Amino acid sequence: AAVDYKKVNEDMPLLHNSMKEALRLCPPLILLIRYAVKELKVKAAGKNYTIPKGDMVLISPSVGMRIPEVFKDPDTFDPDRFGPGREEDKSSPYAYMGFGGGMHSCMGQNFAFVQVKTILSVLFREFEMEMIADKVPDIDYEAMVVGPKGDCRIRYKKRQTSK
């Protein structure tokens, strides 16, 4: 079957949620840096704080998206956490920061989801895939953009088509 926009954008909730979960567990940016343009009162872990106007605020998506009060079993890969009935990413405005958040969130995130889902759907349809390494590589937090540390190869085998 042909790949079309509706199928890719609306009819692939498991693939979409799996991508969100991969970004939750392995966000590409270690740190988001912002300046407080006005005084801001926040409450965290039952305590009240004030961030003064002009202060620099540093947010780590890697830490923030693994808070157990927000994401149940935060170190477990569970794409269903984004599905109907759970939607853990909507428990607070910035619970999920896979593409940043607020007015500075990535303007290309919808395009990124459609592009990657298109590529993956064709690969999944046309090939059988097998990870060559015996385990998923560790995360390289020392790189400017986070990625796998070491080898991360996959073996592709063309699927047999019945005619």
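Reading the values: the criteria
- Residues numbered from 1 in each chain as written.
- Predicted model: local features only at pLDDT ≥ 70, side-chain atom pairs only at ≥ 80, totals over all residues.
- Heavy atoms only, no water.
- Helix = DSSP H or I, 4+ residues; strand = E, 2+ residues; numbered from the N terminus.
- Contact = heavy atoms within 4.5 Å.
- Core = buried A, V, L, I, M, F, W, Y, C linked by side-chain atoms within 4.5 Å.
- Buried < 20%, exposed > 50% of the residue type's maximum accessible area, 1.4 Å probe, protein only.
- Disulfide = S-S within 2.5 Å.
- Salt bridge = Lys/Arg side-chain N within 4 Å of Asp/Glu carboxyl O.
- 1 Å grid on protein atoms, 1.4 Å probe; cavity = no way out; pocket = protein on both sides within 12 Å on 5 of 7 lines; lining within 4 Å.
- Points joined across faces, edges and corners; volume = space filled by probe spheres on them.
- Nonpolar A, V, L, I, M, F, W, Y, C, P; charged D, E, K, R; others polar.

K.L.:
Can you break down the overall build of the chain residue by residue, with the values?
P.N.:
Counting secondary structure elements, the chain contains four helices and eight strands. Counting helices and strands in the order they occur from the N terminus, the chain gives α-α-β-β-β-β-α-α-β-β-β-β. Each principal axis of the C-alpha atoms in the chain carries an extent, and together these give about 65 × 35 × 25 Å. In the chain, 60% of the contacts between residues at least 6 apart in sequence involve partners at least 24 apart.

K.L.:
Which residues make up the nonpolar core, and what values go with them?
P.N.:
Of all hydrophobic cores here, the largest spans eleven residues; its members are Met-19, Leu-23, Leu-32, Met-65, Phe-71, Phe-82, Ala-95, Tyr-96, Met-97, Phe-99 and Phe-113. With residues up to four places along the chain from it excluded, the contact list for Phe-82 reads Asn-17, Lys-20, Glu-21, Arg-24, Phe-71, Glu-87, Asp-89 and Tyr-96.

K.L.:
Lay out the state of the cysteines in plain terms, naming residues and giving numbers.
P.N.:
By definition, a disulfide links the sulfur atoms of two cysteines through a covalent bond. Going through the model one piece at a time under the given rule, you end up with zero disulfides. We note that Cys-26 lacks a disulfide partner, and the nearest cysteine sulfur, in Cys-152, lies 9.9 Å from it. The exposure class of Cys-26 is partly exposed, given its relative accessible area of 37%.

K.L.:
Explain the pattern of salt bridges to me, using residue names and the numbers behind them.
P.N.:
Within this structure, the stated rule accounts for 16 salt bridges. Lys-6 is the salt-bridge partner of Asp-11, the closest N and O atoms lying 3.4 Å from each other. Asp-11 gets classed as partly exposed once you look at its relative accessible area, which sits at 44%. Residue classification places Lys-6 among the partly exposed residues on the basis of a relative accessible area of 46%. In this structure, Arg-81 and Glu-88 form a salt bridge, with 2.7 Å as the shortest nitrogen-oxygen distance.

K.L.:
Tell me what's going on with the layout of surface pockets, and back it up with residues and numbers.
P.N.:
Empty space left among the atoms is revealed by rolling a probe the size of a water molecule over them. Size it by volume and the largest pocket reaches roughly 1300 Å³. If you trace the largest pocket, you find 31 residues lining it, with Leu-40, Val-42, Val-57, Ile-59 and Tyr-94 closest to the centre. Looking at the lining of the largest pocket, the elements with two or more residues in it are strand E1 (32-35), strand E2 (40-44), strand E3 (47-51), strand E4 (56-59) and helix H3 (61-64). Per-class residue counts for the lining of the largest pocket are 21 nonpolar, six polar and four charged. In this structure, the second largest pocket occupies an estimated 1000 Å³ of space. Along the walls of the second largest pocket sit 27 residues, with Ala-22, Cys-26, Val-136, Cys-152 and Ile-154 positioned nearest its centre.

In short, shape yes, function no, at least from these values alone.
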